[in-house]
Every structure is written in C-alpha cells, then in structure tokens.
Number of protein chains: 2
Amino acid sequence: MSNDFVPEAAGLVQVAARAAREAQRVLAAAPRGVKDAVLEAMATGLLADSATILEANTRDTERERAAGMSPGLLDRLALDEPRLAGIAGSLREVAALPDPVGEVVDGSVMPNGLRVRRVRVPMGVVGMIYEARPNVTVDVAALAVKSGNAVLLRGGSAAQESNAAIVASLRRALESQGLPADLVASVDAAGREGARALMHARGLVDVLVPRGGAGLIRSVVEESTVPVIETGSGNCHVYVDASADLEAAVEIIVNAKTQRVGVCNAAETLLVHAKVADTYLSRAAAALWEAGTTLHADPTAHRLLRGPAGASGHGHLLVEAAEEDWGTEYGSLDLAVAVVEDLDRAVEHIRTYTTGHTEAVVAQDVAVINAFVAGMDSAAVMVNASTRFTDGGQLGLGAELGISTQKLHARGPMGLAELTTTTWIVEGDGHIRA
Amino acid sequence: MSNDFVPEAAGLVQVAARAAREAQRVLAAAPRGVKDAVLEAMATGLLADSATILEANTRDTERERAAGMSPGLLDRLALDEPRLAGIAGSLREVAALPDPVGEVVDGSVMPNGLRVRRVRVPMGVVGMIYEARPNVTVDVAALAVKSGNAVLLRGGSAAQESNAAIVASLRRALESQGLPADLVASVDAAGREGARALMHARGLVDVLVPRGGAGLIRSVVEESTVPVIETGSGNCHVYVDASADLEAAVEIIVNAKTQRVGVCNAAETLLVHAKVADTYLSRAAAALWEAGTTLHADPTAHRLLRGPAGASGHGHLLVEAAEEDWGTEYGSLDLAVAVVEDLDRAVEHIRTYTTGHTEAVVAQDVAVINAFVAGMDSAAVMVNASTRFTDGGQLGLGAELGISTQKLHARGPMGLAELTTTTWIVEGDGHIRA
C-alpha cells in the first residue's frame, strides 16, 4: 500500500470520528425508550431492505468464491432470508436488555457532607475492526447504540458490499427516529489504511475492539495507541480429579470438546488424575471416539488407551502427543490428553499452557475444588460444568461483544456494561478543601 | 543509548518479571492479615533503615544539585526524617484499608441451576514507570502488596540510590514475614532501556502505570504493548452560573485555584455567565489578586476588570488572554477567565478545551446543574464544590495510585480495587450445554 493514501485515509477516519463524537452527544442523553425504538426500527428496516442487502451479499460471495475463498469462510460471509431474520431478531434481543447507562455503581456521603456517586456513562466512540462476517456489523451497532455510543466500523474487505448495504439501512433507521445517522458509520472507504488510522485516532476513538483471528488481534494490540479490548483465543482445559463423579466427567469432556468445535470455549486438553486414569480414560475415550475425536495422548495415557483402542477399532483416533499439542487451540475434533500425578501437577500444566480463557475441574472433594480455583489465572473457572458455559448468554449478560482474555477493564464475556465507563458526580453546598 | 544494551535490558526485565510472577502466586492466596503484617513490617523497616536511606538520598540530591536540577524537582527528590516518617505512616494507612481481593462483585443463579459469581482477584504483576520521587516507590509497593500483586519499579535515574536503598529495605521486610522478596523489585539496573523492556513485556507484566509529566505518560502510551492506565493532566474548569450563590462561588474559585497550585485537580479556567459577570468578577478578582493570581481575561472580562484592577493596584495581575490560554494547565498562580453568554457556551468551551479530569458548576438552578452534568465528558463533575475534591482520600478510596483520565478500566481517582481484575467462578452439578 502506497504511503500516498495514508493522509487521505487518516483524514477520512478523522472526519468520520468527529461526526461520530458530535452524534454521540445526542444519544448520550437519550433515555432507554428512544434507544429501544431505534433498535426496533433497525430490525424492521433490515427486513424491508432485505432484497438490496442480499443482492450486495451475493456480489460479495460470488467475487470471493471466484477468488478462491474457502467454503468455511464463504459460509460465514453468506446471508439469506433466514439469517437476516436471525440478525433482526438479535436486534430485538438487545432492545429487551436493561439499559446500562445511568446505573449508579456506588455512592456515599463523605464525613464533610459531600454527596458522592459513580454513574455509568457511555464510552463515547467505539471502534471495531473485524473480519468478513456481516452479522458482526449489526451486533456491534446494536450493542453500541443501546449503551449510548457511536460506532466506527472497519469490516473485512470481502464483505464490503454487504456491510455498505447494511450500514446504509441502519443509518436510515436512525434518521427515521430523529437521531443522527453518524452514530453508525463505516470507514471501509478508507481501505486498509483506514484500519491503521482507527488505531491511531487516540482522543477521537475511545476504545477499539478487534474481533477475528489471532493475527488480526495481535496486529491491533501491537499498533494501536487507542486503548484496546483484546478478545483472545481459548486453550481451555478440563481436569478430572480422583474424587470426580466419573460419569459426569465423561459427559463434561464430551460436551466441552464436541458440542461445537471451532469456538473459543471448547476444551483442547484433558488432564486426568493418575488414580482414576485407567477407569476414566477407557470410558471417556469410547465416548470421544464415538464422536470422531482424535486423542493426542501423553505416554501414560497412550499406554492405557492402546488396549481398548485396538479392541474397539478406533486405533486411528489415537496418536502420541508432541510438545506443541499442549499449547494448541485445535478448533477441531482433536483433544490433547495427559495423566497427572496430582492436583498440583494439573495446576502447573494449566498455568504453563493456558491462554487464560476457561478451565474446568471435575471433583467432589471440596479441598481439591478450592485449591484448583485458587490456582487458576483465567477469565473463568468451571466447577463440575462444561467449559462451553463461558458465554454472555449462558452467564446472564444477554448479547455479548466478545470474550476478553485481558485483565484490564473487562475479563470474560463482555456485555453492554463493558461499553460504558463511569463519571464521579460530587454534590456539595459550597464545599471547599481545607 | 547503544542498541547493544537492548537484549541485556530485556533479559534482565524478563528475569525479574518471571520471578515476580512466581512470587505473586504466593501472595495471591495470602489473607488480609498476612498482607497487613507485611505493610507494618515495611513501615518499621524503613524507619530502622533510615540512616542508610537518607545517606543514599543525600548522594542523589548532591549529585543532582551539582548537575543543575531545579529547586522544585530537588524538593520532590529530597528525604529527611519527618518525610520518611510520613512515608511509613502512609504504609500503615494502606494496611488499615479493606482488602479488595475476594470481594464478590456480583453473582446469581442461572435458570439451569448454574451458580455464577464474579470475584475480585489480583492483576498479577504491575509495572510502574515514574520520575524522581522516592515516596512513589513506597506508595506503589504498598498498594500492590495490599491488592495481592507483585510490582516492577522503574524510577527516575535521579533517585536511583534512594530507590535502591528503599527497595532493599522493602524486600527485607517481605522476607521477615516469610514472603518472597521478588514481590517488589526494581528494574533500574537495566537503565533507560529497562523502561522500554517493561513496555514490551506483554504476557509477563499485566498492567503498566506511568506516573509523571505529560511527556513520560505520552511516550508510554505510544510505545507500550502492555495495557496502560494513563494518569493524565488536568485542565479543570469552574463555571459560575447566573443562579449561583456568588459568595460560595468566590470561595470555590479561590480554593480551586490557590489552595495548592501545581496539582492536577487545581482549576485553570473560570467561566462566568454574562448576567452576573460584573458583580461576580469584581469580587472574585479581588480575592484571587489578594492571593497573587494573574488573571488571563477574554475581552469582555478584561473590560470589566480593568476598572477595579486599576483602582486596587493589582493591574499587573491582569493580562489579555490568548488562544493558547484556554488549553493551558498552568500549574501556577495563573487563571484564564472568560465571560459566556449562557450555559451552552460554557459547556461548548469546556468540551473543546478539557483534558477530561474535573469540571465544576456553581449554580442554584437545578435545571442548569442537570444540563451541566449531562453535558460533561470528564472523570469527575463537582456541583457547588471545589475541583480539589477529585482525590482518592477525599472521595473515600483511601490511598490513591493516581487519577485516571482514560475511560477504560479506571476513571478518576484509582484505589486498591483498580489494581484488581475479576474471575468468573461457575459452579454446576455436572452441567453440560444443550
């Protein structure tokens, strides 16, 4: 990309960001009723505009298919009537959520009589850099508007026609409700340099959320001077203790690994206490093999599994684990398996290889459970439950912006509250400081 | 600085960070009693080591005085017995604060019976880059230890001998209580490149807090890949409305400007509603001039003030404001003054020039107060109170790490809770996702 385009892209992003900031002041003061009406108008508008949006999407998918995009990515890019109906439905789900703005987080009266409270307020302008998934365009716009923010969107170029049609529809919905269209804007016209300009729009953009593959997220974290919320990858572990209910432990690992592969809260490594390894592994392996899972086993687990594997005809689904297996987020029907001497070894293993997303313990011994929970340094710890529950919907947040694996501002599933900040409001009666 | 030193500095910082991470695991599980005992041992130890510390400080101040350090900076660098006693006292104040670790932030039972709670846990390893103020070394170590964190310190080179003596004392106190010395470590030995290495220790250092001048903070924000909490500068405003109690408004502006200059919560601009400008400005100016304040007045204010100024002999403390006055954090007995037509003009002025720290409104009209509060985009808004109350101690947080002017994670005064993150703990009875 030529440097000639840089000032132009930066200028375009700055103009959009200033317009978004002005527009956001109008929304900041809007009560919930106004925001929910906009979300409803957006849902109705997307369905009314479905012909235009689907035509644009067809142009995107045909161009990308011709350019050799993989079937998996094409599936994420493609829209049809039912998917558009689902997207409209998610707008209505966000409308049904409580409004985070105005919530009094805490407050008290100081000894000198000052009345102090901290109140949730919108962030301001949220930037989003994401890949070719048109549903993200709507999801993020909905969460931003509900939390009183403006949003600047930089979507993947493969979805550019779809996103342009969707953003145009969302902007018409805003105007139909008497709100400024600039609350939702795309910076796709600035090209690839637009993403870089977003990362450097400190003071104009309040927070930047990258959503996509590890490469995208890393590049944003490295380059951005705007504060970033990192939505990370998940190398999730399940530890089955000697005190575990083994039947529950089989159900949990099968659910955590196979219920949906390719998601960040799926399990990637199973650790089993040596005392129950023989009994448990034969039962767990049978169920996992039945579901088509390849087990990457450490020497002890491999020795224990060789017998039944050969016997049941699943030998091709058993391989010896290499060092890199412990740090791999497979995103597929593969599972690393190791036998550990005790809880401490399990904790050490997890702390060494985890990405800090979700870890689970299956145990009946409360001392083991407490020590496991205390030993973890991850966004979520599951006790006798599947790792798959680390999800905004499952944990009561409603819609989710992503799952943060960083420790600053937001950790774990992020909902509407994570798109707000707080203001201290201090009321006196002519108070001065002594 | 030669590039030859870079790998060495990065290596030294990484070794220190890994040691800090190991040490932090011990502290993470320590109950409040253990942490408070360490803080008490640190206070006792600093006083017992006072001769060594003061000798080291003398070497620092004499070297810097010879090198031409300004009297103001020398004063911030210098320690003596009373200042060391004050520092020991602040350790005991932190010991008296509640422990943020383990606090259940929220929790509920999901419809499927999952028991969900979010619990405060330490961040892990906190990095601090600061200038030549030895008291910051102790303050930050105290806040980090109380909140269960390890801390890596990079102090200004002018205070290097003082900081080395203080850190050695703090480490002895940790060991005296059976805790690892590596909970508090200096990376000053890595030289200037040590600061850069800290900024790039992503994954080893969980959060970086720069504390010092605007140049230091900007350079950390620009370069760091470790998440940063920005403690910003304060261009604070006071708006006196037509409905104000003018006597209270005089006391508030005098307090906000002159009670302590050079702090970030001091007022830098006074805005007065045109209806009361004549009456108010003559009274406010008399009091401000009495305190030695130079008024940088816009044309209207200048015209109103010329008369009494000439009359009272304070004409030399009245100058015409230039455009740059509105964006200046004087840090001195200077105050920009403007007359505004109405509340909206005041809000626009503040939004144009503010650094987002603290703004105050003096008014009796509740509609004006509400509109002012709604119109601000700052960390704190004072209603009929001095801007000087934006302070951790004044707002009930106890000790404070700094005042954040960013919107992510922490906004306004930061106390112990801002050095923690949360973990989701989810308990089931063999729950799997359908």
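Residues numbered from 1 in each chain as written. Chains lettered and ligands numbered in written order. Predicted model: local features only at pLDDT ≥ 70, side-chain atom pairs only at ≥ 80, totals over all residues. Heavy atoms only, no water.

## Focus: the overall build of chain A
What chain A contains, in helices and strands, is 14 helices and 16 strands. Relative to a compact globule of 434 residues, whose C-alpha radius of gyration would be 22 Å, chain A shows 25 Å and is just as compact. Considering only residue pairs separated by 6 or more positions, chain A has 74% of its internal contacts joining residues 24 or more positions apart. Looking at chain A as shown, the accessible area adds up to about 16,300 Å², and 51% of this sits on carbon and sulfur atoms. (Helix = DSSP H or I, 4+ residues; strand = E, 2+ residues; numbered from the N terminus. Rg over C-alpha atoms; globule rule 2.2 N^0.38 Å. Contact = heavy atoms within 4.5 Å. Areas by Shrake-Rupley, 256 points an atom, 1.4 Å probe, with all protein chains shown as cover.)

## Digging into the relation of the copies chain A and chain B
Of the two same-sequence chains, chain A is brought onto chain B (RMSD 0.1 Å, axial shift 0.0 Å) by a rotation of 180°. The symmetry that links the two subunits is that of a two-fold axis. Residues of chain A ranked by C-alpha distance from the rotation axis are headed by His 409 of chain A, positioned 1.9 Å from it. Comparing contact sets, 100% of the residues at the interface of chain A also lie at the interface in chain B, consistent with an isologous, same-surface contact. (Least-squares fit on C-alpha atoms with pLDDT ≥ 70 in both.)

## Remarks on the UniProt feature "domain: Aldehyde dehydrogenase" (unreviewed entry) in chain A
Residues annotated in UniProt with the feature "domain: Aldehyde dehydrogenase" (unreviewed entry) correspond here to residues 13–288 of chain A. Helix makes up 54% of residues 13–288 of chain A and strand 16%, whereas the separation of the span's terminal C-alpha atoms amounts to 50 Å. (UniProt positions renumbered as here; feature names shortened; annotations may be inferred.)

## A word on the interface of chain A and chain B
With 68 residues of chain A at the interface, the matching set in chain B holds 68 residues. If you sort the residues of chain A by the area they bury against chain B, Leu 408, Trp 424 and Arg 433 of chain A come out on top, with a joint share of 17%. Between chain A and chain B we count 10 salt bridges in total. The partner of Glu 230 of chain A in a salt bridge is Arg 202 of chain B, with the nearest N and O atoms 2.1 Å apart. (Buried area = accessible area lost by both parts, 1.4 Å probe. Salt bridge = Lys/Arg side-chain N within 4 Å of Asp/Glu carboxyl O.)

## Digging into the environment of Arg 283 of chain A
Residue and element names in this part refer to chain A. Summarising the element assignment, Arg 283 is placed in helix 11 (residues 274–290). Sequence separation between Arg 283 and Val 250 is 33 residues, and the spatial gap between their C-alpha atoms is 7.1 Å. Excluding anything up to four places from it in sequence, Arg 283 contacts Leu 246, Glu 247 and Val 250.

## Looking at the pattern of salt bridges
Under the criterion given, the structure shown has 54 salt bridges over all chains. For Arg 115 of chain B, the salt bridge identified is with Asp 429 of chain B, shortest N-O distance 3.4 Å. Taken together, the positions of Arg 115 of chain B in strand 2 (residues 115–122) and Asp 429 of chain B in strand 16 (residues 420–431) put the pair 314 residues apart, joining distant regions of the chain. Under the relative-accessibility criterion, Arg 115 of chain B is labelled partly exposed at 33%. Through salt bridges with shared partners, a single network forms among Arg 21 and Asp 206 of chain A together with Asp 377, Lys 407 and Arg 411 of chain B. (Buried < 20%, exposed > 50% of the residue type's maximum accessible area, 1.4 Å probe, protein only.)

## Some points on the sheet that holds strand 2 of chain B
Sheet strands associate in pairs through backbone hydrogen bonding, adopting either a parallel or an antiparallel arrangement. Here we have 10 strands laid out as an open sheet, ordered 10(A)-9(A)-11(A)-8(A)-7(A)-12(A)-13(A)-16(B)-2(B)-1(B), and mixed in their pairing. The strands lining the two open edges of the sheet, one partner per strand, are strand 10 (318–320) of chain A together with strand 1 (104–109) of chain B. Strand-to-strand twist of the sheet, defined as the mean angle between neighbouring strand axes without regard to direction, takes the value 20°. Two elements, strand 12 (residues 358–362) of chain A and strand 13 (residues 380–385) of chain A, share four bridges in a ladder whose sense is parallel. Following the sheet pairing, Ala 360 of chain A is matched in strand 13 of chain A by Met 382 of chain A. Along the sheet, helix 11 of chain A makes contact with strand 7 (236–240), strand 8 (267–273), strand 9 (294–297), strand 10 and strand 11 (334–340) of chain A, crossing strand 8 of chain A at roughly 145°. Where helix 14 (residues 366–375) of chain A meets the sheet, its contacts fall on strand 7, strand 12 and strand 13 of chain A together with strand 16 of chain B, and the angle it forms with strand 13 of chain A comes to roughly 160°. (Pairing = 2+ DSSP bridges. Axes fitted to C-alpha atoms, helices over the stretch in contact; angles between N-to-C directions.)

## Considering the side chain of Ser 404 of chain B
Residues and elements named next belong to chain B. Tracing the sequence through the fold places Ser 404 in strand 14 (residues 402–404). Residue classification places Ser 404 among the buried residues on the basis of a relative accessible area of 0%. In this structure the side chain of Ser 404 is engaged in a polar contact, spanning 3.2 Å, whose partner is the backbone nitrogen of Gln 406. A polar contact is formed between the side chain of Ser 404 and the backbone oxygen of Ala 410, at a distance of 2.5 Å. Contact partners of Ser 404, with chain neighbours within four places excluded, come to Ile 229, Glu 230, Thr 231, Ala 379, Ala 410, Arg 411, Gly 412 and Met 414. (Polar contact = N/O pair within 3.5 Å; in protein donor to acceptor, adjacent residues only side chain to side chain.)

## Some thoughts on the pairing of strand 1 of chain B
If a strand is regular, its side chains alternate between the two faces of the sheet. Inspection of the sheet shows strand 1 of chain B paired to strand 2 of chain B by five bridges, in the antiparallel sense. Considered in strand 2 of chain B, the bridge of Gly 107 of chain B is made with Arg 117 of chain B.

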